[in-house]
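Residue-level structure breakdown
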2 protein chains.
Amino acid sequence: MIPSINMVTTKEILDTIESGGHRPTASRRRVLDAVVARGDGFTAEELVAEVKGLGRATIYRTVRLLLKEGLLCKLSLQDGAPRYTLFHRLGHHHHLVCVGCGVVQEFRQSVIEQMLMNLEASGTGTIMGHRIEVYVLCPACLPKVGS
Amino acid sequence: MIPSINMVTTKEILDTIESGGHRPTASRRRVLDAVVARGDGFTAEELVAEVKGLGRATIYRTVRLLLKEGLLCKLSLQDGAPRYTLFHRLGHHHHLVCVGCGVVQEFRQSVIEQMLMNLEASGTGTIMGHRIEVYVLCPACLPKVGS
DNA sequence: CTACTAAATGATACCTAGTATCAATATGGT
DNA sequence: ACCATATTGATACTAGGTATCATTTAGTAG
Ligand SMILES: [Mn+2]
Ligand SMILES: [Mn+2]
Ligand SMILES: [Zn+2]
Ligand SMILES: [Zn+2]
């Protein structure tokens, strides 16, 4: 297997958690294994179904911890539970989500950040954050939709 | 009162509903009155609390109807229930939401739509939609945050 | 290794937001 | 007025998630 910029190991994540003052417990390792095994996005509930024997609360707490430590991206889609993906350390970015299969791509566009600065300068208020999600049909899903 | 482009009356909305083949019932009128009375954003649950005597299901159904008829904008924030605002007939636009008081401003930026076309041309898939939300502290809320 | 302390866990109950059902009611059209 | 259908609301149900708290575990000092 060729290592890529997208590759993140359970151990790396566990180290980050530990350096944040949290214990690298067996439960957390099991959740992380599941997260890393899926390359793509997932919901908390999917983890609950996948990782047997751990309490729901522990799974949700772990997801919250990973989010707080900046290890996950959270995507709040139009409906349904939020989806999470590993944060790939590419810095600030946005997401393209396939409405067919749920696969998540990342993109960055400096034009957006520039636009936001202009917007702030126009007196709308102090910008605290933003979210941009683009919904696509990926090349694999496009042929499948009967339309 | 000076009519503005933002002014929408219960009757106008009811007419739109009717021309969409739906009945302008007393329940719907009551929900609309509440929606129009609030100038700002609201959640479905807030309407349930505000409009006494109507069943929860009716309120939720009415919100769904208004959304389908293009009379409401839906904002899915990071957490909590989605917020809705009257669609002001300004055409496609995006939202600035104050994280302090929840007030919603609208904005349009052609640079965004241009960027999306470029993104699509780069082979990421067929764009089906997008959502952009900017979180701000509005001029009224900025002084209130102790930081 | 042992003992201690704080962090973490999991069972449970609870909660918010929303949907499915379905009998009763209101509406618009004849 | 009558009919067919749209709408309503009570109820039960679901998904997704949080609060509690007694028990367990992990790190740490002796
Ligand atoms: Mn991401
Ligand atoms: Mn709007
Ligand atoms: Zn796809
Ligand atoms: Zn504000």
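Here, the structure is the one placed above.
Scope of this entry: the structure provided in the associated data block. Just so we're clear, the structure is a prediction, and the values are computed from it rather than from any experiment.

Turning our attention to the coordination of the zinc ion (ligand 4). Residue and element names in this part refer to chain B. Only Cys98 (SG), Cys101 (SG), Cys138 (SG) and Cys141 (SG) from the protein reach the zinc ion (ligand 4) as donors, at distances of 2.2 to 2.4 Å. For the zinc ion (ligand 4), the four donor atoms in the first shell make angles of 105 to 115 degrees at the metal, so the coordination geometry reads as tetrahedral. Taken in sequence order, the residues that donate to the zinc ion (ligand 4) follow the motif C-x2-C-x36-C-x2-C. Separated by 43 residues along the polypeptide, cysteine 98 in strand β3 (residues 94-98) and cysteine 141 in the segment after β5 (126-137) bring together distant segments of the chain.

The next point concerns helix α2 (residues 26-37) of chain B. Residues and elements named next belong to chain B. Between its first and last C-alpha, α2 extends 16 Å over twelve residues, near the 16 Å set by a 1.5 Å rise per residue. Listing the buried residues of α2 in full gives Val31, Leu32, Ala34 and Val35. Take α2 and look down its axis: the buried residues cluster within an arc of 160 degrees, on one side only. Exposed positions of α2 whose direction lies more than 90 degrees from the buried face are Ala26 and Ala37. Looking at the packing, one finds that the buried side of α2 touches α1 (10-19), α3 (44-50), α4 (56-68), β1 (72-75) and β2 (83-86).

What follows concerns the packing of helix α1 (residues 10-19) of chain A against helix α2 (residues 26-37) of chain A. All names here are of chain A. Packing of α1 against α2 leaves a shortest axis separation of 9 Å and a crossing angle of 135 degrees. By the angle between their axes, α1 is oblique relative to α2. In this structure, α1 meets α2 at a crossing whose hand is right-handed. Between α1 and α2, the residues in contact are Thr10, Ile13, Leu14 and Ile17 and Arg28, Arg29, Leu32, Asp33 and Val36, respectively.

The next point concerns the coordination of the manganese ion (ligand 1). Residue and element names in this part refer to chain A. For the manganese ion (ligand 1), the full set of protein donor atoms is Cys73 (SG), His93 (NE2), His95 (NE2) and Glu106 (OE), and the range of their distances to it is 2.2 to 2.6 Å. The motif formed by the donor residues of the manganese ion (ligand 1), counted along the single chain, is C-x19-H-x1-H-x10-E. Remark: glutamate 106 occurs in strand β4 (residues 104-107) and histidine 93 occurs in the loop between β2 (83-86) and β3 (94-98); sequence separation between them is 13 residues. Given the relative accessible area of 23%, glutamate 106 is considered partly exposed.

As summarised here, the arrangement of the six strands in space is β4(A)-β3(A)-β5(A)-β5(B)-β3(B)-β4(B), forming an open sheet in which the pairing is mixed. Each edge of the open sheet carries a strand with a single partner, namely β4 of chain A together with β4 (104-107) of chain B. Taken pair by pair, the neighbouring strands of this sheet meet at an average axis angle of 25 degrees, ignoring direction. Two strands pair when backbone bridges link them, and β3 of chain A and β4 of chain A are joined in this way by four bridges, in the antiparallel orientation. Counterpart to histidine 95 of chain A in the pairing with β4 of chain A is glutamate 106 of chain A. With respect to the sheet, helix α5 (residues 110-121) of chain A is in contact with β3, β4 and β5 (126-137) of chain A together with β3, β4 and β5 of chain B, its orientation differing from that of β5 of chain A by roughly 140 degrees.

One finds Phe107 and Val134 of chain A together with Phe107 and Val134 of chain B to be the most contacted residues of the largest nonpolar core, which totals 28 residues. Secondary-structure elements contributing two or more residues to this core are β3, α5 and β5 of chain A together with β3, α5 (110-121) and β5 of chain B. The residues contacting phenylalanine 107 of chain B, other than those within four sequence positions of it, are Met115 and Leu119 of chain A together with His93, His94, His95, Leu96, Ile112, Ile132 and Val134 of chain B.

If you rotate chain A by 180 degrees and push it 0.0 Å along the axis, it lands on chain B with an RMSD of 0.1 Å. What the rotation and shift describe, once combined, is the action of a two-fold rotation axis. Closest to the rotation axis within chain A is the C-alpha of isoleucine 132 of chain A, separated from it by 2.2 Å.

Rules used in this analysis
Residues numbered from 1 in each chain as written. Chains lettered and ligands numbered in written order. Predicted model: local features only at pLDDT ≥ 70, side-chain atom pairs only at ≥ 80, totals over all residues. Heavy atoms only, no water. Donors = N, O, S within 2.8 Å, 3.2 Å for Na, K, Ca; no water. Tetrahedral: all angles 85-135°; square planar, octahedral: opposite > 155°, others 65-115°. Helix = DSSP H or I, 4+ residues; strand = E, 2+ residues; numbered from the N terminus. Expected span 1.5 Å × (residues − 1). Buried < 20%, exposed > 50% of the residue type's maximum accessible area, 1.4 Å probe, protein only. Arc of directions from axis to C-beta. Contact = heavy atoms within 4.5 Å. Axes fitted to C-alpha atoms, helices over the stretch in contact; angles between N-to-C directions. Parallel < 35°, antiparallel > 145°, perpendicular 65-115°, else oblique. Left-handed = near helix turned anticlockwise from the far one by under 90°. Pairing = 2+ DSSP bridges. Core = buried A, V, L, I, M, F, W, Y, C linked by side-chain atoms within 4.5 Å. Least-squares fit on C-alpha atoms with pLDDT ≥ 70 in both.

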